Amino acid sequence: MLTAARALLAERGWDGMTLGDVAARAGVAKTTLYRRWPGKAELVVDAMAQLFDTLRPVDAGSVRADAIVTIRDLIALLARPETQTAFLALAAHASRDPGLRAAVREKIIDRQRHLVYAGAARAEARGEGPQITEPDLLFDVIAGTMVHRMLIAGEPVDDAYLERFLDLVLPAARR
């Protein structure tokens, strides 16, 4: 059902996707969806959470190398049409719905903070100089910048941009 929801988001966009269409694509009764999700927003949150949960910590040998690989994985995820459609729609709807905002934070955003915490722990275990002192803030800076750049500004994050970004952020994060 979650895969069907993501596929329909990519094909039809937020406004063109209905729970009835998702049920038909998934081969289940519409009532099956409504038992689990009260509406489209809740279904999309879970569909996106499943997708974002595919992001995994990476050990590429150094803090910088770990960050490059992990951020590239995030960039690839943010480049997907269903991610862009869902993320922007959820942001718009969550601005008016505190419960939806909490669900997005809990099920999508906060569950990805482990990526920075894992990188910080690996850096410490490798004895890589100053430690990351504010992992939550670092996560917010990385995620916020990538979402803004790709989804709001509509600009790419190429290797040169990523290198400049890390040149700016990593020294400040490690004190």
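Draft legend 1. Focus on the overall build of the protein. Looking only at helices and strands, the protein features 10 helices and 0 strands. Within the span of the protein, comprising 175 residues, buried residues form 42% of the whole. Expressed as a percentage of contacts within the protein between residues at least 6 apart in sequence, the contacts between residues at least 24 apart total 66%. Split by element, the accessible area of the protein, about 8900 Å² in all, is 55% carbon and sulfur. Charge separation in the protein, taken as the distance between the mean sites of 23 positive and 23 negative side-chain charges, equals 5 Å.

Draft legend 2. Representation of the environment of alanine 118. Among the structural elements, alanine 118 can be located in helix α8 (residues 114-126). Owing to a relative accessible area of 21%, alanine 118 belongs among the partly exposed residues under this scheme. Sequence-wise, alanine 118 and valine 58 are 60 residues apart; in three dimensions their C-alpha atoms are separated by 8.5 Å.

Draft legend 3. Seen up close, helix α6 (residues 81-94). The end-to-end C-alpha distance of α6 is 20 Å, a good match for the 20 Å that 14 residues give at a rise of 1.5 Å each. If you check which residues of α6 are buried, you get Glu82, Thr83, Ala86, Ala89, Leu90 and Ala94. Buried positions in α6, seen along its axis, are confined to an arc of 150 degrees and lie on one side of it. Buried residues along α6 sit in contact with α1 (2-16), α4 (40-52), α5 (63-78) and α7 (98-109).

Draft legend 4. Seen up close, the packing of aromatic side chains. Enumeration according to the criterion identifies 1 aromatic pair in this entry. Arranged with centres 6.3 Å apart and planes meeting at 40 degrees, the rings of phenylalanine 52 and phenylalanine 87 form a pair that is tilted. In this pair, phenylalanine 52 sits in helix α4 while phenylalanine 87 sits in helix α6, placing the two residues 35 residues apart along the sequence. With relative accessibility at 6%, the residue phenylalanine 52 sits in the buried group. Looking at arginine 149, its charged tip hangs above the ring of tyrosine 161, at a distance of 4.0 Å from the centre.

Draft legend 5. Representation of the environment of alanine 65 in the model. Here alanine 65 lies in helix α5. C-alpha of alanine 65 to C-alpha of arginine 122: the two residues are 57 residues apart in sequence and 12 Å apart in space.

Draft legend 6. Spatial organisation of the nonpolar core. Ile71, Leu90, Met146 and Phe165 are the most contacted members of the largest nonpolar core, which totals 58 residues. Top element by residues in this core is α4. It accounts for 9 residues. If we skip the residues at most four places from it in the chain, leucine 90 touches Trp14, Ala41, Val44, Val45, Met48, Leu100, Val104 and Ile108.

Draft legend 7. Structural view of the pattern of salt bridges. Per the counting criterion, the structure on display carries 15 salt bridges. One salt bridge in this structure joins aspartate 167 and arginine 64, with 2.8 Å as the shortest N-O distance. Here aspartate 167, found in helix α10 (residues 159-173), pairs with arginine 64, found in helix α5; they are 103 residues apart in sequence, far enough to count as distant. By relative accessible area, which is 27% here, arginine 64 ends up partly exposed. A salt bridge links arginine 122 to aspartate 66, with the shortest nitrogen-to-oxygen separation between them at 3.2 Å. In this pair, arginine 122 sits in helix α8 while aspartate 66 sits in helix α5, placing the two residues 56 residues apart along the sequence. When its relative accessible area of 3% is taken as the criterion, aspartate 66 is described as buried.

The rules we used
Residues numbered from 1 in each chain as written. Predicted model: local features only at pLDDT ≥ 70, side-chain atom pairs only at ≥ 80, totals over all residues. Heavy atoms only, no water. Helix = DSSP H or I, 4+ residues; strand = E, 2+ residues; numbered from the N terminus. Buried < 20%, exposed > 50% of the residue type's maximum accessible area, 1.4 Å probe, protein only. Contact = heavy atoms within 4.5 Å. Areas by Shrake-Rupley, 256 points an atom, 1.4 Å probe, with all protein chains shown as cover. Lys, Arg positive; Asp, Glu negative; His and termini not counted. Charge placed at Lys NZ, Arg CZ, Asp CG, Glu CD. Expected span 1.5 Å × (residues − 1). Arc of directions from axis to C-beta. Phe/Tyr/Trp six-rings, centres within 6.5 Å; stacked < 30°, edge-to-face > 60°. Lys NZ or Arg CZ within 6 Å of the ring centre and 35° of its normal. Core = buried A, V, L, I, M, F, W, Y, C linked by side-chain atoms within 4.5 Å. Salt bridge = Lys/Arg side-chain N within 4 Å of Asp/Glu carboxyl O.

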